[in-house]
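What the coordinates show
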Amino acid sequence: MPTAGKVIKCKAAVAWEPNKPLVMEEIEVAPPEANEVRIKIVATAVCHSDLYHLLESMHKDGFPTVLGHEAAGIVESVGPGVTEFQPGDKVLPLFISQCRECRFCKSPKTNQCEKGWATRPNVMAPLESRLTCKGKKVLQFTGTSTFSEYTVVNQMAVAKIDPAAPLEKVCLLGCGISTGYGAAVNTAKVEPGSTCAVFGLGAVGLAAVMGCKSAGAKRIIAVDINPEKFVKAKVLGATDCVNPKDHDKPISQVLAEMTNGGVDFSLECAGNVGVMRSALESCVKGWGVSVIVGWTDLHDISARPLQLIAGRTWKGSVFGGFKGRDGVPQMVKAYMDKKVKLDEFITHNMTLDQVNDAIELMKHGKCIRTVLKVSSQ
């Protein structure tokens, strides 16, 4: 590539401070250093985690930043020591790294990695950044920053995918769809013939519904206070839809009455600690498993000890338990083989210039996923 080894000036949406609209700016993207990959972003989606950092978390030291982490692109150039990737490769940047060397990466029990940005609490960005704007360092959100025409990512946080994959679709596998689907299949380990409940029907919750169906659940109860989500939930496998606002008793009691004592598996995909407790209490005693999928660190969770003493299991899941460099290419293949749906999640297509409109849609629950076209291939 003619740009290899040079600073690239390109367009990006910069979040200068919390609770303010993103600003389209010209930024400078430095060449990749050792073990890094510079990626031309083709498509990126807006995820609630972007909104969480911008509007809810109130970590003022996490700015200025370029948000975005659910994306797909093409390798533009690679730094010294990179052998797995070459210019022209189709890739997905990953917000959960897989170094393949640490004790977590070597364990089949987890997808955590000791070497990623997540070892830095609260800020959701590594200290180092290859992005600058107006002479200031701009933090790379979750080490990715995909609301930009170009970004630089450590090779341990990049997944090489099928060159035939449509980037404007498979970008969703960089976060939301893999997160929900994997929470059901990998973390909950939903069993054939079981009864499940999914709380929160954004993209992650709908993907969890799809995962429950794929795992062979016979009954999948979709729970949300927005009944407009129910049509899509049924398309993806829900057998029942319940709006807690339609009932004058706790949702856990409603589900217990529907299922002879509670569901076998529940998945909380809203990021709300009250809903997390309801999801736990909706599980049947003795063997019920409840998985926390929704992202938040603003409040503590609480439960009565008896809920767990009675035999329920409470688990957490990040990125659906997938080890990114290994799992994401498999999910792309599953989509190409028509075993996983993606198109059904995309409700809006826009351009990077319209990112603030996309954020407003998500903020008001008017979309499932908006995909932003960033660059032509």
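Okay, so let's go over this structure.

What counts and what doesn't
Residues numbered from 1 in each chain as written. Predicted model: local features only at pLDDT ≥ 70, side-chain atom pairs only at ≥ 80, totals over all residues. Heavy atoms only, no water. Helix = DSSP H or I, 4+ residues; strand = E, 2+ residues; numbered from the N terminus. Rg over C-alpha atoms; globule rule 2.2 N^0.38 Å. Buried < 20%, exposed > 50% of the residue type's maximum accessible area, 1.4 Å probe, protein only. Contact = heavy atoms within 4.5 Å. Areas by Shrake-Rupley, 256 points an atom, 1.4 Å probe, with all protein chains shown as cover. Pairing = 2+ DSSP bridges. Right-handed = clockwise from strand over helix to strand, strands pointing away. Expected span 1.5 Å × (residues − 1). Phe/Tyr/Trp six-rings, centres within 6.5 Å; stacked < 30°, edge-to-face > 60°. Core = buried A, V, L, I, M, F, W, Y, C linked by side-chain atoms within 4.5 Å. Axes fitted to C-alpha atoms, helices over the stretch in contact; angles between N-to-C directions. Arc of directions from axis to C-beta.

What to know about the overall build of the protein chain
Counting its regular elements, the protein chain contains 10 helices and 18 strands. In terms of overall size, the protein chain behaves like a compact globule, its C-alpha atoms giving a radius of gyration of 20 Å where 377 residues would be expected to give roughly 21 Å. Projecting the C-alpha coordinates of the protein chain onto the three principal axes gives extents of approximately 65 × 40 × 35 Å. Taking all 377 residues of the protein chain together, the buried fraction comes to 56%. Sequence separation of 24 or more characterises 69% of the internal contacts of the protein chain that already satisfy a separation of 6 or more. Accessible surface, the protein chain: about 15,800 Å² in total, of which carbon and sulfur atoms supply 52%.

Thoughts on the sheet that holds strand β8 (residues 136-140)
Pairing in this closed barrel of five strands is mixed, and the strands run β1-β2-β7-β8-β4 around the ring. As paired elements, strand β4 (residues 65-66) and β8 share two bridges and run parallel to each other. Bridging across to β8, Val-66 finds its partner in Gln-140.

Regarding the pairing of strand β17 (residues 346-351)
A regular strand places its side chains so that they alternate between the two faces of the sheet. In the sheet, β17 pairs with strand β18 (residues 369-373) via five bridges, with the strands oriented parallel. In the strand pairing of β18, Thr-351 is matched with Lys-373. One crossover worth recording links β17 to the parallel β18 by way of helix α10 (residues 355-363), and it is right-handed.

Observations regarding unusual backbone geometry
Cis rather than trans, the peptide bond between Phe-63 and Pro-64 has omega equal to -5 degrees. Within the element layout of this structure, Pro-64 appears in the loop between α1 (48-56) and β4. With a phi close to 60 degrees, Asn-19 is a non-glycine residue in the positive phi region. Mapping Asn-19 onto the fold places it in the loop between β1 (8-15) and β2 (23-29). Among the residues examined, Asn-19 registers a relative accessible area of 42% and is labelled partly exposed.

Considering helix α9 (residues 324-336)
Residue pairs three or four apart in sequence face the same way in an α-helix, which turns once every 3.6 residues. The end-to-end C-alpha separation of α9 is 18 Å, in line with the 18 Å expected for 13 residues at 1.5 Å each. Every buried residue of α9 is accounted for by Gly-324, Arg-325, Gly-327, Val-328, Met-331, Val-332, Ala-334 and Tyr-335. Check the buried side of α9 and you find it contacts β6 (90-93), β10 (158-160), α2 (167-170) and α3 (176-188). Following α9 by one or two positions, Lys-338 has its phi on the positive side, about 65 degrees.

Things to note about the packing of aromatic side chains
Summed over all chains, the structure comprises two aromatic pairs. Centroid distance Phe-95 to Phe-319: 5.2 Å. Interplanar angle 65 degrees. Geometry classified as edge-to-face. Here the residue Phe-95 occupies a position in the loop between β6 and β7 (131-133), and Phe-319 occupies one in the loop between β16 (313-316) and α9, the gap between them amounting to 224 residues. Accessibility classification places Phe-95 together with Phe-319 in one group, the buried group. Their ring planes at 65 degrees and their centres at 6.5 Å tell us that Phe-319 and Phe-322 sit as a pair that is edge-to-face. Residue classification places Phe-319 among the buried residues on the basis of a relative accessible area of 1%.

Quick look at the nonpolar core
Counting 108 residues, the largest nonpolar core has Phe-147, Val-170, Leu-267 and Phe-345 as its most contacted members. No other element matches helix α4 (residues 203-214), which puts eight residues into this core. In this view, Phe-345 contacts Leu-172, Ile-177, Ala-203, Leu-206, Ala-207, Met-210, Leu-236, Ile-368 and Arg-369; residues no more than four positions away in its chain are not counted. Membership of the second largest hydrophobic core comes to 11 residues, among which are Ile-221, Val-223, Ile-251 and Val-254.

Comments concerning the sheet that holds β16
In space, the six strands of this open sheet follow the order β13-β12-β11-β14-β15-β16, with parallel pairing throughout. Each end of this open sheet is capped by a strand with a single partner; those strands are β13 (240-242) and β16. In this sheet, adjacent strand axes meet at a mean angle of 20 degrees when their direction is disregarded. Relative to strand β15 (residues 289-292), strand β14 (residues 265-268) runs parallel, the two sharing four bridges. When the sheet's bridge partners are listed, Leu-267 is paired in β15 with Val-291. Contacting β11 (195-199), β12 (219-223) and β14, α4 runs over the sheet at an angle of about 170 degrees to β11.

Remarks on the pairing of β8
In the sheet, β7 pairs with β8 via three bridges, with the strands oriented antiparallel. Note on β8: the bridge partner recorded for Cys-133 is Lys-136. The loop that links β7 with its antiparallel partner β8 comprises two residues; one of these, Lys-134, has a positive phi angle of about 55 degrees.

Digging into the environment of Asp-337
Its location among the elements puts Asp-337 in the loop between α9 and β17. A C-alpha to C-alpha distance of 34 Å links Asp-337 and Asn-356, two positions 19 residues apart in sequence.

Some details on the environment of Pro-329
As for its position among the elements, Pro-329 is in helix α9. Aside from chain neighbours lying at most four places away, what touches Pro-329 is Ala-159, Lys-160, Ile-161 and Gly-324.

Describing helix α6 (residues 251-258)
Looking at α6, one finds that the buried residues are Ile-251, Ser-252, Val-254 and Leu-255. Relative to the axis of α6, the buried residues are bounded by an arc of 160 degrees and lie together on one face. Of the surrounding elements, those touching the buried residues of α6 are β11, β12, β13 and α7 (273-281).

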